[in-house]
Amino acid sequence: YCAINSGNDAGNDSNPSFSCIGTSADRAVTLNGSTAKIGKLTSPVLADGIKSLSFNYTHLFSDTKFSLTINIKDTEGNVVATKNLDWTAAGADDKYTVDEFVWELETPVQGDFVIEIVNNCPSNSGSNKDRATIWNLTWLNA
């Protein structure tokens, strides 16, 4: 996987520089974990509603925690469903553990929607201490 520094210049993995594993087709998004440059991933407008969302996530850096807010928005920008994902390393090697986030929405969202994932930067640091890498973002239509 190759990290994309979404908080700075989406699609540019040179600031800061992260090494790549695999091919360019295997790229994963790394959300900045800094209050100075909050990482946020926003999808284009998607059709046919959503009833579940899942993705894989991990830490590939020296960070020890992160907190994400996952929002489903309507096309007007209103949050119609929201979920938090909080993670703290259990030990020194825990940052390399791959986990899966699965969210079955309590009430499926109908019609067009947008997925937004925001890094909450729980360390409240201006340094990039709370980065999170996500990939295999998938959803089932309502």
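Structure shown above.
Calculation rules
- Residues numbered from 1 in each chain as written.
- Predicted model: local features only at pLDDT ≥ 70, side-chain atom pairs only at ≥ 80, totals over all residues.
- Heavy atoms only, no water.
- Core = buried A, V, L, I, M, F, W, Y, C linked by side-chain atoms within 4.5 Å.
- Buried < 20%, exposed > 50% of the residue type's maximum accessible area, 1.4 Å probe, protein only.
- Helix = DSSP H or I, 4+ residues; strand = E, 2+ residues; numbered from the N terminus.
- Contact = heavy atoms within 4.5 Å.
- Salt bridge = Lys/Arg side-chain N within 4 Å of Asp/Glu carboxyl O.
- Pairing = 2+ DSSP bridges.
- Axes fitted to C-alpha atoms, helices over the stretch in contact; angles between N-to-C directions.

### Focus: the nonpolar core
By size, the foremost hydrophobic cluster in this structure holds 23 residues, and its most contacted members are Phe55, Leu68, Ile70 and Ile72. Those elements that provide at least two residues to this core are strand S2 (28-31), strand S4 (50-58), strand S5 (65-73), strand S6 (79-88), strand S7 (99-109), strand S8 (114-119) and strand S9 (132-140). With near-sequence residues (within four places) excluded, isoleucine 72 lies in contact with Ile50, Asn78, Val79, Val80, Ala81, Trp103, Leu105, Val109, Phe113, Val114 and Ile115.

### Focus on the pattern of salt bridges
Summed over the entire model, instances satisfying the criterion amount to two salt bridges. Glutamate 116 serves as the salt-bridge partner of lysine 40, at 3.8 Å between the closest nitrogen and oxygen. In this pair, lysine 40 sits in strand S3 (residues 40-42) while glutamate 116 sits in strand S8, placing the two residues 76 residues apart along the sequence. Look at glutamate 116 and you get buried, because its relative accessible area is 7%. The residue lysine 73 makes a salt bridge to glutamate 116 at a minimum N-O spacing of 3.1 Å.

### What about the environment of phenylalanine 66?
Following the sequence through the fold, phenylalanine 66 ends up in strand S5. Residue phenylalanine 66 is classed as buried on the basis of its relative accessible area, which comes to 1%. With 20 residues separating them in the primary sequence, phenylalanine 66 and aspartate 86 have C-alpha atoms 6.0 Å apart. Contact partners of phenylalanine 66, with chain neighbours within four places excluded, come to Tyr57, His59, Leu85, Asp86, Trp87, Pro122, Asp130, Arg131 and Ala132.

### Some remarks on the sheet that holds S3
Within a sheet, adjacent strands bond to each other through the backbone by hydrogen bonds, running parallel or antiparallel. Reading across the sheet, the four strands line up as S3-S8-S5-S6 and stay open at both edges, with antiparallel pairing between neighbours. If you trace the sheet from one side to the other, it starts and ends with S3 and S6, each paired once. Put simply, the sheet's adjacent strands are angled 15° from each other on average, direction ignored. Inspection of the sheet shows S3 paired to S8 by three bridges, in the antiparallel sense. Along S8, the bridge assignment pairs leucine 41 with isoleucine 117.

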